[in-house]
Amino acid sequence: MIDPRPTVRVLRGPLLRFLDDPGEDDRPAEGSVEYLEDAALWLEDGRVRAVGAYEALAPFLPEGIEVVDYTGKLMMPGFIDSHVHYVQLDILASYGRQLLDWLNDYTFPEECRFAKRAHGEAVAEAFLDEQLRAGTTTAQVFCTSHPQSVDAFFSAARRRGLRMLAGKVLMDRNAPATLTDSVASGVADSERLIADWHGKDRLGYSLTPRFAPTSTAAQLEATGGILRTAPDLHLQTHLAENAGEIAWVSELFPEERDYLAVYERFGLVGPTSTFAHGIHLDQAMRERLAGAGANIAFCPTSNLFLGSGLFDRLACREAGLATSLASDVGAGTDLCGFASLKAAYQVGQLLGQPLTAWQGFYRLTLGNARALRLDRHIGGLHLGQEADVVVLDPAATPLLARRTGRIGTTGGLDQARLGEWLFTLMMLGDDRSIFATWAGGECVHRREGVSRK
Ligand code: GUN
Ligand code: ZN
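Residues numbered from 1 in each chain as written. Chains lettered and ligands numbered in written order. Predicted model: local features only at pLDDT ≥ 70, side-chain atom pairs only at ≥ 80, totals over all residues. Heavy atoms only, no water.

Visitor: Go over the site of ligand 1 with me, naming the residues and quoting the values.
Guide: All residues adjacent to ligand 1 are H85, Q88, L99, W102, L103, R210, F211, H238, E241, H277, D328 and A331. Taking Q88, its side chain carries an N or O atom lying 2.9 Å from an oxygen atom of ligand 1. Contacts to ligand 1 include D328, whose side-chain N or O atom sits 2.8 Å from a nitrogen atom. Computed on the free molecule, ligand 1 has an accessible area of 280 Å², of which 100% lies beneath the protein chains in the complex. (Near = heavy atom within 4 Å. Polar contact = N/O pair within 3.5 Å; in protein donor to acceptor, adjacent residues only side chain to side chain. Areas by Shrake-Rupley, 256 points an atom, 1.4 Å probe, with all protein chains shown as cover.)

Rendered as structure tokens:
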């Protein structure tokens, strides 16, 4: 029987969220960040009913309401991963190749396994377990070219009440026959999946042409046709990740002036488009992407792992081009947002543009929500928004406890100390620092050894 009572709870503890882009300076832009030392997050039916200082909200809380105490922890909006391949979970850490050989030697053989629905179901569950353990409550996800891999993923995400974007890979050439579709079947399968899943609960569909080398012009054209008639769909693909890839695109599409022009020609570059990597772009290309309102998914662990290159984040900012932050597992080495932050910081150091903790945590939360055009739903924990929360433990390991303890919290954290504290967490944190994860107002992960929510 369905319980007619609304699910109501209060999460109490320190809360950090972003109201705007904090910029690149050591100090966050005025009004861009809100930190409440002792907050109440009042959740009702999966959404935020109220948020504010606990003292101020306490008189209004219903009598007997369950209060989950996160004193000594830090609550933030759930983390977001703008680009990840769930189907590559089991080829993480595959040795010694760069992009095109890595695809042929490891990725395509692995993706063949998803012809079996049961395989997709098992991997989808394992992947979502890992994501929630890492505090990630929303992701934009590549499945394989098999529609059943998408059904498996969306079914699992829906059962867990998650906001997720995903799509079937479109790929009608330059891949094993068992993985390729055709223009007609790619369109038919995508349309069926859109009808079944797009807008269902918290799910959204992302059209997913893998990248220009594995789609014919006809397939890219057909994909653009779907997007034109349904602009609320997302689109995800790869762009300018690797030198060999770029040379191949210019052989395959000799009539186009550059790689981006291929996607532009078919109407694939728009405000809901995410281009993974975008490492090797010139400033004019960045400006064209910015003009269309698209975003580049910066995948630092993947870019380092495959030796693809150093992503120039600030050149994008200069062009007005939105960047999001992503794991890109399985080329990426870790599903956890902390790993992406750490690698992004190190890439930034090599380019003379170190990532501040403000900018880093903004990217994982509101920044990614904005880049993916999901910020009306998630990323800010505002009134009426969806209640996806990650609870961080600043003393998760003896070393973290030692390092954050040195900063101290006596008398409350002023902005400078909070910045140092966040940076410590960003550099030393990993999935052990994820104390709990909430999605849609429910606790969906609790770190092992934690008996209470
Ligand atoms: N380019 C085309 N497909 C892929 C993929 O699966 N991973 C990465 N990193 N790049 C790609
Ligand atoms: Zn990718």
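Visitor: Could you give me a rundown of the packing of helix α13 (residues 357–371) against helix α15 (residues 415–428), with the residues and numbers involved?
Guide: In the contact formed by α13 and α15, the axes pass within 9 Å of each other and the chain directions differ by 65°. Crossing angle aside, the handedness with which α13 passes α15 is left-handed. Between α13 and α15, the contacting residues are A357, W358 and F361 on the first element and Q415, L418, G419, L422, F423 and M426 on the second. A breakdown of the residues in the contact of α13 with α15 according to their chemical character gives 7 nonpolar, 2 polar and no charged. (Axes fitted to C-alpha atoms, helices over the stretch in contact; angles between N-to-C directions. Helix = DSSP H or I, 4+ residues; strand = E, 2+ residues; numbered from the N terminus. Left-handed = near helix turned anticlockwise from the far one by under 90°. Contact = heavy atoms within 4.5 Å. Nonpolar A, V, L, I, M, F, W, Y, C, P; charged D, E, K, R; others polar.)

Visitor: Tell me about the coordination of the zinc ion (ligand 2), and please be specific about residues and values.
Guide: All of the protein donors around the zinc ion (ligand 2) are H83 (NE2), H85 (NE2), H238 (NE2) and D328 (OD); their distances to the metal are 2.0 to 2.3 Å. Considering all 4 donor atoms around the zinc ion (ligand 2), the spread of angles at the metal, 87 to 162°, places the coordination shape in the irregular class. Counting the intervening residues between successive donors of the zinc ion (ligand 2) yields the motif H-x1-H-x152-H-x89-D. With H238 in strand β11 (residues 234–239) and D328 in the loop between β14 (322–325) and α12 (337–350), this pair connects stretches of sequence that are 90 residues apart. For the residue pair H238 and D328, the accessibility class agrees, reading buried in each case. (Donors = N, O, S within 2.8 Å, 3.2 Å for Na, K, Ca; no water. Tetrahedral: all angles 85-135°; square planar, octahedral: opposite > 155°, others 65-115°. Buried < 20%, exposed > 50% of the residue type's maximum accessible area, 1.4 Å probe, protein only.)

Visitor: Can you lay out the packing of helix α5 (residues 183–197) against helix α6 (residues 217–229) for me, pointing to particular residues and giving the numbers?
Guide: Running from amino to carboxyl end, α5 crosses α6 at an angle of 25°, the nearest separation of the two axes being 9 Å. The angle between α5 and α6 falls in the class roughly parallel. Crossing geometry of α5 relative to α6 is assigned as right-handed. Across the interface between the two elements, V183, V187, S190, E191 and I194 of α5 pack against A218, Q219, A222 and I226 of α6. (Parallel < 35°, antiparallel > 145°, perpendicular 65-115°, else oblique.)

Visitor: Describe the environment of P147, listing the residues and the values that go with them.
Guide: Tracing the backbone shows P147 in helix α4 (residues 147–159). For P147, a relative accessible area of 17% puts it in the buried group. Along the backbone, P147 and V10 are 137 residues apart, and their C-alpha atoms lie at a distance of 40 Å. Sequence-distant contacts of P147, that is, excluding residues within four places in its chain, are made with K168, D189, R192 and L193.

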